[in-house]
Amino acid sequence: MRQATTFLLNTNSGYVRLRSINPSLPRIPGSFRSFSVDPYSTSSTHGISSPSNRSPSHGVLTSQSTSPDRGLLLPSSSASFSTSSQRSDPGDWDANPDLSISAFSELPSKDFGVNQHMIINQEFKEALRQILWQFRAPIRYAFAYGSGVFQQTGSAPGSSQCHPSAPAAIKNMQQGQGKMIDFIFGVSYSQHWHSLNLSQHRDHYSGLGSLGSYVVSQVQDRMGAGVYFNPYITVNGTLIKYGVVNLDTLCRDLSQWDTLYLAGRLQKPVKILRDHPKVRLANQMNLLSAVRVALLLLPAEFTEFQLYSTIASMSYMGDLRMALPAEDPRKVNNIVSSQMANFRRLYAPLIENLPNVTFNDKRCTEGDWIDDPDANVRLTQDMDPVKRGNMVRRLPNSFREKLYFQYQTRYQIPRVEFDKMMKESNNNDSDLVRRRQGGPFEQRIADDKNLTTEVQNTIAKTIRWPSTVQSAKGLLTSGVSRTWRYLREKQDKYKKSGKKAKPSDAAEE
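Note that the structure is predicted; figures quoted are calculated from it, not measured. Within any chain, residue numbers begin from 1 and follow the written order of that chain's sequence. A pLDDT threshold of at least 70 governs which residues receive local features in this predicted model, and a stricter bar of 80 or more applies before side-chain atom pairs are shown or counted, although totals over entire chains, interfaces and linings include all residues. For the side-chain quantities, the full set of heavy atoms in the structure was used; hydrogens and water were omitted.

Student: Is there a simple way to think about the overall build of the chain in this case?
Tutor: Each helix is a run of H or I in the DSSP string that is no shorter than four residues. Each strand is a run of E no shorter than two, and both are numbered from the N terminus. Along its length, the chain carries 21 helices and 12 strands. Taken as a whole, the chain presents about 22000 Å² of accessible surface, with 51% of it coming from carbon and sulfur. Under the convention used here, a 1.4 Å probe and the Shrake-Rupley method define accessible areas, while residue burial counts only the protein chains that appear.

Student: Help me out: how do you make sense of the sheet that holds strand β7 (residues 227-235) in this one?
Tutor: Strand pairs in the sheet, formed through backbone hydrogen bonds, run parallel or antiparallel to each other. Strand pairing follows a simple DSSP-based rule, namely that at least 2 bridges must link the two strands. Read from one edge to the other, the open sheet built from five strands follows the order β7-β8-β6-β5-β9, with strand pairing classed as mixed. One side of each edge strand has no neighbouring strand; the edge strands of this open sheet are β7 and β9 (271-274). Taking each pair of neighbouring strands and ignoring which way they run, the sheet shows an average axis angle of 25°. Pairing of strand β5 (residues 141-145) with β9, which is carried by three bridges, proceeds in the antiparallel orientation. Counted as the bridge partner of Ala-142 is Arg-274 from β9. Contacts are assigned to residue pairs with any non-hydrogen atoms lying within 4.5 Å of each other. Geometry is summarised by axes, namely lines fitted to C-alpha atoms with helices restricted to the contacting stretch, and by angles between N-to-C directions that run from 0 to 180 degrees. The sheet contacts of helix α5 (residues 190-200) involve β6 (181-187), β7 and β8 (238-246), and relative to β8 the element is tilted by about 150°.

Student: Quick question: what am I supposed to make of the nonpolar core here?
Tutor: Only buried residues count toward a nonpolar core. Its members are Ala, Val, Leu, Ile, Met, Phe, Trp, Tyr and Cys residues joined through side-chain atoms within 4.5 Å. Summary of the burial criterion: residues with accessible area below 20% of their type's maximum are buried, those above 50% are exposed, and those between are partly exposed, where the area comes from a 1.4 Å probe applied to protein chains only. Formed by 117 residues in total, the largest nonpolar core has its most connected members in Phe-183, Trp-193, Tyr-347 and Ile-459. Leaving out residues up to four positions away in the same chain, Tyr-347 has contacts with Gln-267, Leu-287, Ala-290, Val-291, Tyr-308 and Ile-311.

Student: Would you mind showing me how to read the environment of Leu-350 here?
Tutor: In this structure, Leu-350 sits in helix α13 (residues 340-352). Taking the C-alpha atoms as reference points, Leu-350 and Asn-115, 235 residues apart in sequence, are found 9.1 Å from one another.

Student: Just checking my understanding: could you explain helix α10 (residues 304-314) for this structure?
Tutor: For an α-helix the count is 3.6 residues per turn, leaving residues at separations of three or four pointing the same way. Counted residue by residue, α10 has 10 buried out of 11 residues, so it is predominantly covered. Residues Glu-304, Phe-305, Leu-307, Tyr-308, Ser-309, Thr-310, Ile-311, Ala-312, Ser-313 and Met-314 constitute the buried set of α10.

Student: Would you mind going over unusual backbone geometry with me for this structure?
Tutor: With glycine set apart, most residues show a phi of negative sign, and most peptide bonds adopt trans. The phi angle at Trp-257 is positive, at roughly 60°, despite the residue not being glycine. Looking at the element boundaries, Trp-257 is found in the loop between α7 (247-256) and α8 (261-266). In this model, Leu-260 sits at a positive phi of 65°, which is unusual for a non-glycine residue. The topology assignment puts Leu-260 in the loop between α7 and α8.

Student: Looking at this structure, I do not really get the packing of α10 against α13. What am I missing?
Tutor: Axis angle and axis distance: for two packed helices, these are the angle between their axes and the distance between the axes, and together they describe the pair. Direction vectors running N to C along α10 and α13 enclose 90°, while the axes themselves pass 11 Å from each other. Here α10 is positioned roughly perpendicular relative to α13, judged by the angle of their axes. When α10 is examined against α13, the residues Glu-304, Phe-305, Leu-307, Tyr-308, Ile-311 and Ala-312 are found in contact with a partner set consisting of Met-340, Phe-343, Arg-344, Tyr-347 and Ile-351. Within the contact of α10 with α13, the residues separate by chemical class into nine nonpolar, no polar and two charged. An angle below 35 degrees is read as roughly parallel, one above 145 as roughly antiparallel, one from 65 to 115 as roughly perpendicular, and any other as oblique. Following the grouping adopted for this structure description, the nonpolar residues are Ala, Val, Leu, Ile, Met, Phe, Trp, Tyr, Cys and Pro, the charged ones are Asp, Glu, Lys and Arg, and the polar ones are all others, Gly among them.

Student: Any chance you could explain the side chain of Gln-220 here in plain terms?
Tutor: Inspection of the secondary structure assignment puts Gln-220 in helix α6 (residues 213-222). The contact partners of Gln-220, leaving out residues within four places of it in the chain, are Ser-190, His-194, Gly-226, Val-227, Tyr-228, Val-244, Val-245, Asn-246 and Lys-473.

Student: What's the story with the packing of α7 against helix α9 (residues 277-297) in this structure? I'm lost.
Tutor: With their axes 7 Å apart at the nearest point, α7 and α9 run at an angle of 25° to one another. If you check the angle between α7 and α9, you find them roughly parallel. In terms of crossing hand, the pair formed by α7 and α9 is left-handed. Counted together, Leu-247, Asp-248, Leu-250, Cys-251, Leu-254 and Ser-255 of α7 and Lys-278, Val-279, Ala-282, Asn-283, Met-285 and Asn-286 of α9 form the full contact between these two elements. Crossings are assigned a handedness: left-handed for a near helix turned anticlockwise from the far helix by less than a right angle, right-handed for a clockwise turn.

Student: Help me understand the packing of aromatic side chains, please; the structure alone is not making it clear to me.
Tutor: Aromatic ring pairs are reported here in terms of the distance separating the ring centres and the angle at which the planes meet. Side-chain rings of Phe, Tyr and Trp, where Trp is taken by its six-membered ring, are said to pair if the distance between their centres is within 6.5 Å; with planes under 30 degrees apart they count as stacked, over 60 as edge-to-face, and otherwise as tilted. Scanning the entire structure with this criterion turns up 19 aromatic pairs. Between Phe-135 and Phe-185 the ring centres are 5.2 Å apart and the planes differ by 75°, which places this aromatic pair in the edge-to-face class. Here the residue Phe-135 occupies a position in the loop between α3 (122-132) and β5, and Phe-185 occupies one in strand β6, the gap between them amounting to 50 residues. Classification of Phe-135 by relative accessible area gives buried; the value is 6%. Owing to a relative accessible area of 0%, Phe-185 belongs among the buried residues under this scheme. With 5.0 Å between their ring centres and 75° between their planes, Phe-135 and Tyr-242 make a pair best called edge-to-face. Taken together, the residues Phe-135 in the loop between α3 and β5 and Tyr-242 in strand β8 connect sequence positions 107 residues apart. Comparing Phe-135 with Tyr-242, the two get one shared label, buried. Among the aromatic residues, ring-to-ring pairing joins Phe-135, Phe-183, Phe-185, Trp-193 and Tyr-242 into one connected group. Two conditions define a charge located above a ring, namely a distance within 6 Å from the ring centre to NZ of Lys or CZ of Arg, and an angle within 35 degrees of the ring normal. Cation over ring: Arg-265 sits above Tyr-261, and NZ or CZ is 4.3 Å from the ring centre. Just above the ring of Tyr-411 sits the side chain of Arg-444; from NZ or CZ to the centre is 3.6 Å.

Written as structure tokens, this is what we have:
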């Protein structure tokens, strides 16, 4: 007797269930592809389960969904049932988000945001989670990121002496070229967390730790981007760097783009090790905003590589390290070229549900394009000022206000007149405001020939001061010796990476 397999079609407001009567039939080219979802990253606030309960099959890319609740389908341009009338409005769930939620059942849909979970080697993932277990202070949300987790083409090699005695899974994944692994820990109460961590791991802190958890938490929350980093720490024989951030600070940056310091990191593939519902909701807003800003920066036709490179480059605009010999100048190219499949997993479901952009490449009619890391399909977007004005209106609040101020200055609109115009727009077009549709001012911005420059300037202004203060804060939080070691290693990577891109790379971009 044939068994039915349930597939889930991702939409922004929910998932449409599709059933295949015969799961043994080959996949139809141009249909949607099912990815397995990491259930241990999504099942609870901590996202942790007993290792003994884990099946080795989890975390493996499959052509058919093995569970009705563990599927993510990525789109192709030829999916005939994804018409404009059937698409949900992307503003439905992010117009008035409830960031006070505490349970995954309160998210807009059951499998909302599963695109954020990257598939990595199971043993490596377990080794990363074991590091988290060494902290008694409660970690509510955590992710690992950077070249120590995801290989980057062309990046400077690591050192076989990096980790004193790392687990075999970490050594195997890093192929003997050890690199420090970066973590971000989201916590509920900064001072309480540092109090517990200082009691357990006083050696993780610089001399600032001797002043107590209150001073440490004040330095974390009131300086820079609200993150406190402890670098060059050995846990489970593995060299790590971990940053501590308050969950509210994290969610505010993800949803409002106050600093883009953490939002920028999560716009690139990361491995979420402990999940939290309100962070998942805020990060989905962040990813959607990243697509919208990238579309404002791109022409009518572009490639996936151009889209993902534009998104990945945003977090480096205005970053002081990019202007100094302390960062690989080809970092964005290295990140994107080696992680096309991960970027596609992250953004393709969102792109499919936006009404003004679509995959437009015959390569998408071939059944294996979703999984092909070498695929670089073309996309097109509608350049209509009305639709682009809607994107401007739906940008994160803090970022949008900065962009508006840029154009107020550019158009030399007196402040009083500008405030009156914005107030009248809100009063007269309450339906447009409720639906977050752009008015004449937003459409004028969207049609401006200098829009790319103005958006780039806004990104740089958002990032420059917080990232500069955050870097300077390293002298306090890391101490002089660790800060000097960090800068020296960054400069070494810069020298080894080569300062000029190869002609082939330039052509690819």
